[in-house]
Amino acid sequence: MEIQVGQSVLELEEGDITRQDTEAIVNAANTSLLGGGGVDGAIHRAGGPKILEECRQLGGCPTGEARITTGGNLQARYVIHTVGPVYRDGLHREPELLASCYRESLKLATAKGIKTVAFPSISTGAYGYPLAAAARIALQTVKAYLAEHPEIERVRFVLFGRAAYAAYETALKGL
Ligand code: AR6
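Residue positions are given per chain, counting from 1 as you read along its sequence in written order. Under the rules for a predicted model, residues below a pLDDT of 70 receive no local features and side-chain atom pairs below 80 are neither given nor counted, while totals for whole chains, interfaces and linings still include all residues. Excluded from the side-chain calculations are hydrogens and water; all other atoms, namely the structure's heavy atoms, are used.

Student: Please clarify how the pairing of strand E1 (residues 2-5) should be interpreted in this entry.
Tutor: Within a regular strand, side chains alternate between the sheet's two faces. At least two bridges found by DSSP between two strands is the condition for calling them paired. Each helix corresponds to a stretch of at least 4 residues labelled H or I by DSSP, and each strand to a stretch of at least 2 residues labelled E; elements are numbered beginning at the N terminus. In this sheet, strand E2 (residues 8-14) lies alongside E1 in antiparallel orientation, the contact comprising 4 bridges. Across the sheet, the residue bridging to valine 5 is serine 8, located in E2. Adjacent in sequence and paired antiparallel, E1 and E2 are bridged by 2 residues, among which glycine 6 carries a positive phi angle near 60°.

In structure tokens:
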């Protein structure tokens, strides 16, 4: 499914973030930026040691912020690493921090002249953010950014499995 936002496209796809042909893919990292499981593990495995080497130089990343490295052996030229909130009860700034991840990642893309970006569903794996709520925040935030930033031509959400895709589809239809 895809929608037009101004001159840009926002699209949903079921698949694997490491196999995307966008200029940048986004990593759901942790504050150390030194790797982990889920998306993070998959990106470092597919991209090779160059990414970790660059990450070591960055000295970590606070929750809600983003950093950029090259893409190593990935098809994508860049990896934008962002750190989602660990979900507790929704009352600890989780919505605000999750929105910030998407916004800060796209700001980095704009600063680097990157026109196409693929995101995973940040915080909805190991960090436990409920999928429907996370999908709403992700899509609202990206849509609002695209409305103001036509320089980003395409944002693709790459959802892992049917359930994640369905949650994002429902959220997108409800925007
Ligand atoms: N492509 C796209 N989506 C994926 C892939 C993939 N290859 N693999 C998993 N997902 P998670 P988080 C989905 O846990 O919740 C790491 O250890 C997955 O089904 O990767 O932000 C980090 O180092 C889920 O919907 O990220 C951190 O410590 C979504 O991606 C911590 O996990 C996010 O799941 C970050 O947790």
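Student: What's the story with the pairing of strand E6 (residues 116-119) in this structure? I'm lost.
Tutor: Taking every second residue as pointing to the same face, both faces of E6 are buried, with Thr116 and Ala118 on one and Val117 and Phe119 on the other. With 2 bridges joining them, strand E3 (residues 24-29) and E6 adopt parallel strand pairing. Residue pairing in the sheet places alanine 24 in a bridge with valine 117 of E6. Summarising the sheet, E6 and strand E7 (residues 154-159) pair through 4 bridges and their orientation is parallel. Note on exposure labels: buried denotes an accessible area under 20% of the residue type's maximum, exposed denotes more than 50%, and partly exposed covers the range between, all computed with a 1.4 Å probe on protein chains only.

Student: What am I meant to see in the packing of helix H1 (residues 38-47) against helix H2 (residues 49-58) here?
Tutor: Helix packing geometry: the angle between the two helix axes and the distance between the axes. Axis separation between H1 and H2 bottoms out at 6 Å; the angle between their running directions is 115°. Residues Ile43, His44 and Gly47 of H1 touch H2, and the partners they reach there are Pro49, Ile51, Leu52 and Cys55. Here the axes come from fitting lines to C-alpha atoms, over the contacting stretch only for helices, and the angles between their N-to-C directions go from 0 to 180 degrees. Contacts were defined at the residue level, with two residues in contact if any of their heavy atoms lie within 4.5 Å.

Student: What should I look at first to understand the sheet that holds E2 in this one?
Tutor: Note: strands within a sheet are paired through backbone hydrogen bonds, in either parallel or antiparallel orientation. Pairing within the open sheet is mixed, and its 7 strands lie in the order E1-E2-E7-E6-E3-E5-E4. Single-partner strands in this sheet number two, and they are E1 and strand E4 (66-70). Put simply, the sheet's adjacent strands are angled 25° from each other on average, direction ignored. Inspection of the sheet shows E2 paired to E7 by 6 bridges, in the parallel sense. From the neighbouring strand, glutamate 13 faces E7, where its bridge partner is valine 158.

Student: Help me out: how do you make sense of the side chain of glutamate 94 in this one?
Tutor: Along the chain, glutamate 94 falls in helix H3 (residues 94-112). In this tally Asp and Glu are treated as negative and Lys and Arg as positive; neither His nor the chain ends contributes. The working definition used for a salt bridge is a side-chain nitrogen of Lys or Arg within 4 Å of a carboxyl oxygen of Asp or Glu. No salt bridge is formed by the buried glutamate 94, whose closest oppositely charged neighbour, arginine 88, lies at an N-O distance of 5.6 Å. Among the polar contacts made by the side chain of glutamate 94, one reaches the main-chain amide nitrogen of arginine 88 at a distance of 2.9 Å. Not counting residues up to four positions away in its chain, the partners in contact with glutamate 94 are Pro85, Val86, Tyr87, Arg88, Asp89 and Tyr129. Whenever a nitrogen or oxygen atom comes within 3.5 Å of another N or O atom, the pair is scored as a polar contact, on the condition that within protein one atom can donate a hydrogen and the other can accept it, and that pairs from neighbouring residues in sequence are kept only if both atoms are in side chains.

Student: Help me understand unusual backbone geometry, please; the structure alone is not making it clear to me.
Tutor: Both trends apply: most residues other than glycine have a negative phi, and most peptide bonds are in trans. Backbone geometry at leucine 33 places phi at a positive 60°, although glycine is not the residue there. Turning to its location among the elements, leucine 33 is positioned in the loop between E3 and H1. Classification of leucine 33 by relative accessible area gives buried; the value is 2%. Even without being glycine, serine 123 reaches a positive phi, approximately 75°. Examined against the element boundaries, serine 123 turns out to sit in the loop between E6 and helix H4 (131-148). Judged by relative accessible area, which is 5%, serine 123 ranks as buried.

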